[in-house]
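# Report on the structure
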2 protein chains.
Amino acid sequence: MTAVLEGKLADRDAWTADRCSIAKALDVLGTRSSFLLMREAFYGGRRFDDLARRAGITEASAAARLKELTEHGLLERRPYQEPGQRTRHEYVLTEKGRDLLPVALALMAWGDKHLTGSRGAPLALRHRTCGSGVAVEVRCAEGHPVPLEELGVRVAQPRR
Amino acid sequence: MTAVLEGKLADRDAWTADRCSIAKALDVLGTRSSFLLMREAFYGGRRFDDLARRAGITEASAAARLKELTEHGLLERRPYQEPGQRTRHEYVLTEKGRDLLPVALALMAWGDKHLTGSRGAPLALRHRTCGSGVAVEVRCAEGHPVPLEELGVRVAQPRR
DNA sequence: GATCTGACTTGCGTTATCCATAGTCAGCCT
DNA sequence: AGGCTGACTATGGATAACGCAAGTCAGATC
């Protein structure tokens with residue numbers, strides 16, 4: 001009951017996963033605090049100490065992680081000025097950062113199902129334009145849900 | 001351009017994310033090596049040193065992480081015996097572990113898009129029963145794709 | 001009984017992560 | 001000029017993660 005490795009991958013020793021995108025992604029998002037900061041960014045957090053406090057980490061950690069996240073291009077540090085205030089910097093999601101939404105929601109859904117005990121999910125998601133619930137799904141281009149055992153993995157044609 | 005917090009959540013100080021499922025999930029999967037081991041389990045890895053080697057981590061790390069993952073119920077350690085061999089133990093995905101598939105694929109898709117440079121994705125996924133490509137999508141029950149700015153978040157009714 | 005192999009375990013050193021606390025610094029306000 | 005506030009920076013110390021290398025241990029094979 002696992003994915004099916006096809007083509008070259010069938011010989012498990014013929015391919016190493018060192019260029020795997022999952023590993024690369026984990027290099028960027030490997031720590032708990034990084035991901036929690038991204039969560040707060042999704043929830044609309046922008047100011048330094050708001051992000052730090054709501055993520056539940058110290059300002060020192062937040063500063064280090066925010067620097068990494070901006071260097072990796074998930075967040076952008078941009079100056080802003082409220083009337084009568086000095087200029088400050090806020091952290092806003094870039095497209096790269098926004099594209100993490102499926103990851104965050106998939107993780108949330110998994111936690112909701114398997115880690116909340118009898119209480120169920122603490123938060124509910126809905127599509128604001130139609131009102132119905134939101135979920136993360138693994139689907140093929142034909143629209144079929146794809147369970148693990150129907151998933152085939154092969155080496156991609158390197159595009160030129 | 002973020003999610004919209006509704007209801008009680010609109011007051012950002014009225015709710016703390018300490019029970020958030022994302023944080024809980026990160027407690028289980030917080031480390032890089034845990035996730036890499038899960039990836040190998042999805043690819044069909046079962047034996048200890050195969051998992052360790054293909055995840056690219058030392059056996060000592062693998063032993064520690066596999067113990068955690070089995071304690072958390074993502075993997076199950078079960079005895080098996082090949083003919084003419086002594087009994088050994090293999091690690092197989094539980095339902096809880098298999099349910100991480102959307103997380104793994106979402107992470108892979110994100111890495112494919114943003115971290116591979118010009119080479120593009122190293123692996124291709126397809127639905128084995130119909131042959132078409134596979135993707136992870138955020139959709140509402142009506143079938144609409146839900147972008148971040150159309151996502152509403154509110155406190156769930158605690159189910160009794 | 002000796003050997004071999006897969007599955008770990010142990011020991012050690014390094015680096016990373018994190019917390020707590022305290023300090024700095026810019027610039028608007030009075 | 002001095003105060004205040006938000007955004008950091010610095011220091012110290014604990015814990016965890018990880019790699020490397022070596023050692024153990026069970027049981028099938030010779």
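Residues numbered from 1 in each chain as written. Chains lettered and ligands numbered in written order. Predicted model: local features only at pLDDT ≥ 70, side-chain atom pairs only at ≥ 80, totals over all residues.

## Notes on the relation of the copies chain A and chain B
Rotating chain A by 180 degrees about the axis while translating it 0.0 Å along that axis superimposes it on chain B, leaving an RMSD of 0.1 Å. Such a combination of turn and shift is consistent with a two-fold rotation axis. (Least-squares fit on C-alpha atoms with pLDDT ≥ 70 in both.)

## Looking at the pairing of strand β3 (residues 87–93) of chain B
All names here are of chain B. Here seven bridges tie strand β2 (residues 75–81) to β3, and the two strands are oriented antiparallel to one another. Bridge assignment links R77 to a residue of β3, and that residue is Y91. The antiparallel pairing of β2 with β3 creates a hairpin that spans five residues between the two strands, and G84 there sits at a positive phi of about 75 degrees. (Pairing = 2+ DSSP bridges. Helix = DSSP H or I, 4+ residues; strand = E, 2+ residues; numbered from the N terminus.)

## Quick look at the protein's contact with DNA strand C
As a matter of local geometry, DNA strand C sits amid 22 residues, with S33, G84 and R86 of chain A together with A60 and A63 of chain B nearest to it. Of all the secondary-structure elements, those providing two or more residues to the surface near DNA strand C are α2 (32–42) and α4 (59–71) of chain A together with α3 (48–55), α4 (59–71) and β3 of chain B. When residues in the surface near DNA strand C are grouped by element, the largest group, four residues, is from α4 of chain A. Grouping the constituent residues of the surface near DNA strand C by class yields five nonpolar, nine polar and eight charged. (Near = placed C-beta within 6 Å. Nonpolar A, V, L, I, M, F, W, Y, C, P; charged D, E, K, R; others polar.)

## What to know about the nonpolar core
Core analysis: the biggest nonpolar cluster contains 90 residues, and A104 and A106 of chain A together with A104 and A106 of chain B have the highest contact counts within it. Excluding residues that lie within four positions of it along the chain, A104 of chain B makes contacts with I22 of chain A together with M38, R39 and F42 of chain B. (Core = buried A, V, L, I, M, F, W, Y, C linked by C-beta atoms within 7 Å. Buried ≥ 20, exposed ≤ 12 C-beta atoms within 10 Å, placed from the backbone. Contact = placed C-beta atoms within 7 Å.)

## Section: the protein's contact with DNA strand D
Around DNA strand D, the surrounding shell holds 21 residues, and the nearest of these are R47 and A60 of chain A together with S33, G84 and R86 of chain B. Taken together, the elements giving at least two residues each to the surface near DNA strand D come down to α3 (48–55), α4 and β3 (87–93) of chain A together with α2 (32–42) and α4 of chain B. With four residues, α4 of chain B is the single largest residue contributor to the surface near DNA strand D. For the surface near DNA strand D, the residue count by class is five nonpolar, eight polar and eight charged.

## Some details on the sheet that holds strand β1 (residues 4–5) of chain B
Within the open sheet, the three strands sit side by side as β4(A)-β6(B)-β1(B). Their pairing is mixed. With partners counted over all chains shown, the strands left at the sheet margins are β4 (123–127) of chain A together with β1 of chain B, one partner each. Taken together, the five bridges between β4 of chain A and strand β6 (residues 151–155) of chain B define a ladder with antiparallel strand orientation. Counted as the bridge partner of H127 of chain A is L151 of chain B from β6 of chain B.

## Thoughts on the sheet that holds strand β4 (residues 123–127) of chain B
Note on sheets: strands pair through backbone hydrogen bonds, and any given pair is parallel or antiparallel. A sheet is described by the order of its strands in space; here three strands give the open sequence β1(A)-β6(A)-β4(B), paired in mixed fashion. Single-partner strands in this sheet number two, and they are β1 (4–5) of chain A together with β4 of chain B.

## Some points on the interface of chain A and chain B
Facing 80 residues of chain A, the contacting portion of chain B comprises 80 residues. Broken down by class, the residue content of the side of chain A that touches chain B amounts to 45 nonpolar, 15 polar and 20 charged.

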